[in-house]
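# Examination of the molecular architecture
Residue strings, one per chain:
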Amino acid sequence: MAKPKWKIERERQRAALEQSLLDNLEARGLVEEVYRDKVTEYMGLWDRLQDLRADIARRGVSVMDEKRGMPVENRSVSLEVQVSRQMLAIYAALGFKAR
């Protein structure tokens with residue numbers, strides 16, 4: 001069974017981002033395992049962020065609470081913010097600057 005086009009594109013974006021980070025670190029002489037490990041951690045968070053964004057796009061920012069029978073915030077919204085902050089912290093630790 002063929003992969004959906006969105007998944008192929010996401011994998012392409014992921015690979016390009018990871019390679020870009022690694023190339024930049026290598027250009028600055030930061031080739032130790034600790035830096036590659038942080039890039040791996042960053043990419044894991046990137047995967048999680050994409051999943052959270054997909055959930056928000058699919059279900060919206062509010063979801064129905066089954067127990068209370070009323071709309072509540074989709075937990076993915078607050079998790080998206082937390083994951084994004086952690087990614088920014090790793091990005092800065094690797095010596096990159098957010099623009």
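Up top you'll find the structure we're talking about.
Residues numbered from 1 in each chain as written. Predicted model: local features only at pLDDT ≥ 70, side-chain atom pairs only at ≥ 80, totals over all residues. Heavy atoms only, no water.

Moving on: the packing of aromatic side chains. Applying the stated criterion to the full structure yields two aromatic pairs. Relative to Phe-96, the ring of Tyr-91 has its centre 4.9 Å away and its plane inclined at 25°; by these criteria the two rings are stacked. Taking relative accessible area as the criterion, Phe-96 reaches 12% and is therefore assigned buried. Sitting over the face of the ring of Phe-96, Arg-28 holds its NZ or CZ atom 4.8 Å from the ring centroid. (Phe/Tyr/Trp six-rings, centres within 6.5 Å; stacked < 30°, edge-to-face > 60°. Buried < 20%, exposed > 50% of the residue type's maximum accessible area, 1.4 Å probe, protein only. Lys NZ or Arg CZ within 6 Å of the ring centre and 35° of its normal.)

Our next topic: the nonpolar core. Ranked by internal contacts, the top residues of the largest apolar core, which has 15 residues, are Leu-21, Val-39, Tyr-42, Met-43, Val-83, Met-87 and Leu-94. Here the element with the most residues in this core is helix α2 (residues 33-59); it accounts for seven residues. If we ignore the near neighbours within four places in the chain, the residues touching Met-43 are Arg-14, Leu-17, Glu-18 and Leu-21. (Core = buried A, V, L, I, M, F, W, Y, C linked by side-chain atoms within 4.5 Å. Helix = DSSP H or I, 4+ residues; strand = E, 2+ residues; numbered from the N terminus. Contact = heavy atoms within 4.5 Å.)

We now examine the pairing of strand β2 (residues 70-73). A regular strand places its side chains on the two faces of the sheet in alternate fashion. The pairing of strand β1 (residues 62-65) with β2 spans four bridges and is antiparallel. Across the sheet, Val-63 pairs through a bridge with Val-72, a residue of β2. The hairpin formed by β1 and β2 contains four residues between the paired strands, and Gly-69 there has a positive phi angle of roughly 65°. (Pairing = 2+ DSSP bridges.)

Read these as layout, nothing more, since geometry by itself doesn't imply function.
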